[in-house]
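Notes for the structure review
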Amino acid sequence: MCRAHSSTKSSTRCCSHRVHRSLASLIIYTSLLVLSGVSTSSSPSVLVSALKNPSLLAFVKKTSIINNVDNHNKINMSKKESSSVLGELKETIKSQAAEIDRLKRQLSSTPASKTVKKVPSGGHAHGAPAGDNEEILDYKTKSFYSIAYERVWWLAIFLVSLSFTAIIMNGFEHTLSKQIELAYFVPLMAGHGGNTGGQAVGTVLSALSAGVITRQDAGRVIMKEAMSGLIMGIILGAMVGPISHYVMGISMHVATVVSVTFPLLSTIAAFLGSALPFVCVILGLDPAVIAAPAMTSFVDVTGLLCYFLIANKIFQLFGMEL
């Protein structure tokens, strides 16, 4: 159906060209008759005799030949133009194909392994392993004793720092002997400090690995995390103190110590949790292995020390002798 329609169009176009050509020839004949002195109102015999004039017929034939040659030249020029356009299009396609092949070879030759820090997370004394891509790819084939050998030395250092908690407990033994209720909240303080610092460590390391923050943003990030820790400590302290007094039956002065210690402990934990990853990066150490356990050790020691110091001050405000 489409072919019939296209053939009908082409035949119509040819007929219109023939009509235009006949009209042009008729105009030329009439003009020649006028130029030759023959009036268009003459009799048909005069017109026929004029048309049979050899010179007139030769001129008309020459004119038609020139028109045909011009039409043929125009057709040839359009064919040449179309062929030149097709040639340019082919050259463009070839150049684009060559460029695609070059880019493919360049991508295949580019090394795929680039160091990207992964996101650790965890609460008290825990953190997800992280490192560059090569370390993560090697983790599946790495033996358990090599993993233990790499981590045990850092854990030994932090174990020594955790031993300071025993020294602090021994130093405040006299206070604990008179206010045994303080001992109930020692694990709570240590756990809360580790959880708060673990959140800060995970958040900062994930932002560093994603490129959202850099070492130049350390001050602003640490201040923001410390202020968020303070707000969280105030909220939780306002909840834990009344619950411990009215629900658990803890004395008012010990409940007050717990409520006051929570904001300070949360601020210290958030500060250390956000600052230690930057310190590890500056020193060229792996923050995934060091930041979380170091934060836990420091928070346990500083938090416990702050807890007993605040207790002594509050007990004095309540008029209690220690």
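A quick note: this is a predicted structure, and the numbers were derived from the prediction, not measured.

Calculation notes
- Counting of residues starts from 1 at the beginning of each chain's written sequence and follows it residue by residue.
- Only residues with pLDDT of at least 70 get local features here, since the model is predicted, and only at 80 or more are side-chain atom pairs given and counted; chain-wide, interface and lining totals rely on the full set of residues.
- In computing side-chain values, all of the structure's heavy atoms are included and hydrogens and water are not.
- Helix numbers and strand numbers start at the N terminus; a helix is a DSSP run of H or I with at least 4 residues, a strand a run of E with at least 2.
- Between the first and last residue of a helix there are one fewer steps than residues, each counted as 1.5 Å, and that sum is the expected span.
- Exposure categories follow from relative accessible area, calculated using a 1.4 Å probe and restricted to protein chains: below 20% of the type maximum is buried, above 50% is exposed, and the middle band is partly exposed.
- Working rule for contacts: check all heavy atoms of both residues, and any pair within 4.5 Å makes them a contact.
- Summary of the metric used: pLDDT quantifies the predictor's per-residue confidence within the range 0 to 100.
- Among the buried residues, those of types Ala, Val, Leu, Ile, Met, Phe, Trp, Tyr and Cys that are joined through side-chain atoms within 4.5 Å form a nonpolar core.
- Note on geometry: axes are C-alpha line fits, over the in-contact stretch for helices, and angles between N-to-C directions span 0 to 180 degrees.
- Just so you know how the angles are binned, under 35 degrees is roughly parallel, over 145 roughly antiparallel, 65 to 115 roughly perpendicular, and the rest oblique.
- What makes a crossing left-handed is the near helix being turned counterclockwise from the far one by less than a right angle; a clockwise turn instead makes it right-handed.
- Amino acid classes used here: Ala, Val, Leu, Ile, Met, Phe, Trp, Tyr, Cys and Pro are nonpolar; Asp, Glu, Lys and Arg are charged; the rest, including Gly, are polar.
- Two rings from Phe, Tyr or Trp (for Trp, the six-membered ring) form a pair when their centres are within 6.5 Å of each other. A pair whose planes differ by under 30 degrees is stacked, one over 60 is edge-to-face, and the rest are tilted.

Moving on to helix α8 (residues 218-246). Helix length check: α8, at 29 residues, gives a terminal C-alpha distance of 42 Å against a target of 42 Å (1.5 Å per residue), a fit within 8%. Buried within α8 are the following residues: A218, V221, I222, E225, A226, G229, G233, G237, G241 and S244. Buried positions along α8 lie against α7 (186-210) and α9 (252-283).

On to the side chain of H253. Looking at the element boundaries, H253 is found in helix α9. With a relative accessible area of 13%, H253 lands in the buried category. Excluding residues that lie within four positions of it along the chain, H253 makes contacts with Q179, I314, F315, F318 and M320.

With 65% of its residues at a pLDDT of at least 70, the protein chain reaches an overall mean of 76. Of all secondary-structure elements in the protein chain, the lowest mean pLDDT belongs to helix α2 (residues 44-51), at 49, while α8 reaches the highest, 94. pLDDT under 50 marks residues 1-6. Its contacts with residues more than four places away, or in other chains, come to zero contacts.

The next point concerns the nonpolar core. Ranked by internal contacts, the top residues of the largest apolar core, which has 33 residues, are L182, V257, Y307 and F308. At the level of secondary structure, the elements contributing two or more residues to this core comprise α5 (144-171), α7, α9 and α10 (287-317). Once you skip the residues sitting within four places of it in the chain, F308 turns out to touch I168, M169, F172, L176 and V186. Counting eight residues, the second largest nonpolar core, distinct from the first, contains A207, A218, I222 and A275.

Packing of α9 against α10 brings their axes to within 8 Å, and their N-to-C directions diverge by 155°. Put simply, α9 runs roughly antiparallel to α10. Considering the relative orientation of α9 and α10, their crossing is right-handed. Of the residues in the contact of α9 with α10, the class split is 26 nonpolar, six polar and no charged.

Let's shift gears to the environment of L309. Residue placement: L309 occurs in helix α10. When the C-alpha positions of L309 and T261 are compared, they lie 9.6 Å apart, and in sequence the two are 48 residues distant.

Here the focus is the packing of aromatic side chains. In this structure the tally under the stated criterion is five aromatic pairs. Taken together, a centroid distance of 5.9 Å and an interplanar angle of 90° make the contact between Y149 and W153 edge-to-face. Highlighted residues: Y149 and W153, both in helix α5, separated by four residues, approximately one helical turn. With relative accessibility at 56%, the residue Y149 sits in the exposed group. Take W153: its relative accessible area is 53%, and that puts it in the exposed class. Between Y307 and F308, the ring centres sit 5.4 Å apart and the planes meet at 55°, which makes this aromatic pair tilted. A residue is classified by how much of its surface remains accessible, and F308, at 0% relative accessible area, is buried. One aromatic cluster is present, built from ring pairs that chain together F172, Y307 and F308.

Attention shifts here to the environment of A226. Within the secondary structure, A226 is located in helix α8. Accessibility expressed as a relative area gives 10% for A226, which makes it buried. Spatially, the C-alpha atom of A226 lies 5.1 Å from that of T267, the residues being 41 residues apart in sequence.

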